[in-house]
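# Fold and geometry: a report
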Amino acid sequence: MHITLIAGGVLSLAAWLDLLFARGSFWRISKPHPAIPITTRPTIAVVIPARNEADVIARAITSLLHQQIGANLHVVLTDDASTDSTAAVASQAAETANMAASLTILDGQPLPAGWSGKVWAQQQGVAKALELYPDYLLLTDADIEHAPDNLATLVAIAEDRGTDLTSFMVKLHCESWFERWLIPAFVFFFFMLYPPAWIRDRRRATAGAAGGCMLVRPAALQKAGGIESIRSEIIDDCALASAIKKTGGSLWLGPTNTARSIRPYSSISEIGHMISRSAFNQLRHSAPLLMGTLVGLTLLYFLPIALLFSRSVFTISLGIATLAAMLIAYTPMILYYRLNLFWALTLPSAALFYMGATIHSAVRYWSGAGGMWKGRAQDR
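Treat the numbers as computed from the prediction; the structure is a model and nothing was measured.

So, about the packing of helix α11 (residues 287-307) against helix α13 (residues 347-366). Axis angle and axis distance: for two packed helices, these are the angle between their axes and the distance between the axes, and together they describe the pair. The interhelical angle for the contact between α11 and α13, taken along N-to-C directions, is 165 degrees, at an axis separation of 10 Å. Relative to α13, the element α11 is oriented roughly antiparallel. In the crossing of α11 with α13, the sense of the turn from one axis to the other is left-handed. Contacts between α11 and α13 involve A287, L290, L294, L297, T298, Y301, F302 and I305 from the first element and L347, P348, A351, L352, M355, T358, I359, A362 and W366 from the second. For the contact of α11 with α13, a count of residues per class yields 15 nonpolar, two polar and no charged.

Here it is, written out as structure tokens:
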């Protein structure tokens, strides 16, 4: 048993050292890209899929219409069979901003077989937006509030680096205690899976994006097969990034302070459902990958704590060293969210929660209710 603990401890420490030094420095939170004045006056079409978003849509629309970019900007909102006043609230927000002509609201058509709901709403919005012959499409969500310089910064990055899909990981809502416990971990795990440096590297196959804020060149989207190429995806942002990179496009992903989600999570279960919706899809519905993931989480997050209760000084030292590496990796994310450093100690417990949500995701899929979101089971 002692030898097994030592072997596990060595493997756990080696895994964390690999994550620290050989995975694109995913844990280093780069400083938000400074705004750069753009010399052109591009035409930008913003596409927002919205389903029952009356509580947040006004702030999202208002923030977009007040962008300080000096561009021709038009917003297309697809009302995806909302049963609330989403469309009316969005329209009123545009009128209040004296920019009603800059907003088009589409009544979403019935969901066809083989499409996920959000992607179908995007497809309708993009089709309308392309009638404007835009230089860029901004694909964003109904709960994202954009600072006045957010779009200018995105365009500046795209023009400076020549990228075809430029994406910001928006600041997620992080105020309640359970949001502070679980939301930084969500972004940390995302960057671990999709290291931004690897995404930006044309030589690597790694592709990813954050669906809350994606600036796309229409030509690159068309070359990748358009929105239709990802019609059945529920992790649609990363699927789109992969399609664009596979067809020779270039990507950029990074954190930002100029766009944020204004949707609070009212309970722990809401965060759990958000994770559960796509976790097993991420594992390609594979039971072996699920088992491997559970073993990996145990090795990375739980075994180091178990080592502290060993009677061997060497084994305890392994545990301390591994936990130190873990804290080094997680601390930048805690600081990015401006939290007390104490919260870095909660990463193992957050990993346990995510493990449970992943198991729940698999069970939901096997029961025929995978990818449940706003009343739709989209992953079967």
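Between helix α6 (residues 177-193) and helix α10 (residues 268-282), whose axes approach to 10 Å, the crossing angle comes to 15 degrees. By the angle between their axes, α6 is roughly parallel relative to α10. Seen along the crossing, α6 lies across α10 with a hand that is left-handed. In this structure, α6 contributes W177, F178, E179, W181, L182, I183, F186 and L193 to the contact, and α10 contributes I268, I271, M274 and Q282. Residues belonging to the contact of α6 with α10 are distributed by class as follows: 10 nonpolar, one polar and one charged.

The next subject is the environment of L300. Tracing the sequence through the fold places L300 in helix α11. In this structure L300 comes out as buried when scored by relative accessible area, which is 14%. Taking the C-alpha atoms as reference, L300 lies 35 Å from G248; in sequence the two are 52 residues apart. Apart from residues lying up to four places away in sequence, L300 is in contact with S12, A15, W16, L19 and M326.

Evaluated as defined, the whole model comprises 18 aromatic pairs. Their ring planes at 75 degrees and their centres at 5.9 Å tell us that F189 and Y301 sit as a pair that is edge-to-face. Residue F189 is found in helix α6, and its partner Y301 is found in helix α11; the two are separated by 112 residues along the sequence. A cation over a ring is seen here: K171 above Y337, with NZ or CZ 5.6 Å from the ring centre.

Under the counting rule described, the total for this entry stands at nine salt bridges. Between R203 and D201 there is a salt bridge; the shortest N-O distance is 3.1 Å. Since its relative accessible area comes to 76%, R203 is described here as exposed. Residues participating in the shared-partner salt-bridge network are E53, D143 and R263.

Let's shift gears to the pairing of strand β8 (residues 251-261). Burial within β8 is extensive, with nine of its 11 residues counted as buried. Relative to β8, strand β6 (residues 165-171) is paired through six bridges, and the arrangement is parallel. Bridge pairing in β8 links F168 to G254.

This next bit is on α11. Each full turn of the α-helix corresponds to 3.6 residues, which orients residues three or four apart in the same direction. With 21 residues, α11 should reach 30 Å at 1.5 Å per residue; the first-to-last C-alpha distance of 28 Å fits that figure. For α11, the set of buried residues is L290, L294, L297, L300, Y301, L303, P304 and L307. Next to the buried residues of α11 lie α1 (2-21), α6, α10, α12 (313-336) and α13. Where α11 begins, the capping side chain belongs to S286, and its oxygen is found 3.1 Å from the backbone nitrogen of L289.

It is worth spelling out a nonpolar patch on the surface at this point. Together, I305, L308, F309 and I320 make up a nonpolar patch on the protein surface, roughly 400 Å² of accessible area in all. Locating I320 in the fold gives a position in helix α12.

Turning next to the nonpolar core. Core analysis: the largest hydrophobic core is formed by 118 residues, its most contacted members being W16, I61, F188 and Y301. In terms of residues, this core owes the most to one element, α6, which gives 11 residues. Every residue in contact with I61, bar those within four places of it in the chain, is listed here: I48, V75, L77, A90, A93, A94 and L103.

The next point concerns the pairing of strand β2 (residues 72-79). Most of β2 sits out of view: seven of its eight residues are buried. Taken together, the eight bridges between strand β1 (residues 43-50) and β2 define a ladder with parallel strand orientation. Note that in β2 the partner of I48 across the bridge is L77. The parallel pair β1 and β2, bridged by helix α2 (residues 57-65), forms a crossover whose chirality is right-handed. Summarising the sheet, β2 and strand β3 (residues 103-107) pair through five bridges and their orientation is parallel. Pairing of V75 across the sheet is with L103, part of β3.

Attention shifts here to unusual backbone geometry. Non-glycine residue S25 carries a positive phi angle of around 50 degrees. Considering the arrangement of structural elements, one finds S25 in the loop between α1 and β1. The residue H285 is not glycine, and still its phi comes out positive at about 55 degrees. Judged by its relative accessible area of 26%, H285 falls in the partly exposed class.

The rules behind these values
- Residues numbered from 1 in each chain as written.
- Predicted model: local features only at pLDDT ≥ 70, side-chain atom pairs only at ≥ 80, totals over all residues.
- Heavy atoms only, no water.
- Axes fitted to C-alpha atoms, helices over the stretch in contact; angles between N-to-C directions.
- Helix = DSSP H or I, 4+ residues; strand = E, 2+ residues; numbered from the N terminus.
- Parallel < 35°, antiparallel > 145°, perpendicular 65-115°, else oblique.
- Left-handed = near helix turned anticlockwise from the far one by under 90°.
- Contact = heavy atoms within 4.5 Å.
- Nonpolar A, V, L, I, M, F, W, Y, C, P; charged D, E, K, R; others polar.
- Buried < 20%, exposed > 50% of the residue type's maximum accessible area, 1.4 Å probe, protein only.
- Phe/Tyr/Trp six-rings, centres within 6.5 Å; stacked < 30°, edge-to-face > 60°.
- Lys NZ or Arg CZ within 6 Å of the ring centre and 35° of its normal.
- Salt bridge = Lys/Arg side-chain N within 4 Å of Asp/Glu carboxyl O.
- Pairing = 2+ DSSP bridges.
- Expected span 1.5 Å × (residues − 1).
- Polar contact = N/O pair within 3.5 Å; in protein donor to acceptor, adjacent residues only side chain to side chain.
- Patch = residues over 30% accessible without salt bridge, like charges linked within 9 Å, V, L, I, M, F, W, Y side chains within 5 Å.
- Areas by Shrake-Rupley, 256 points an atom, 1.4 Å probe, with all protein chains shown as cover.
- Core = buried A, V, L, I, M, F, W, Y, C linked by side-chain atoms within 4.5 Å.
- Right-handed = clockwise from strand over helix to strand, strands pointing away.

By themselves, these are just geometric observations and shouldn't be taken as functional.
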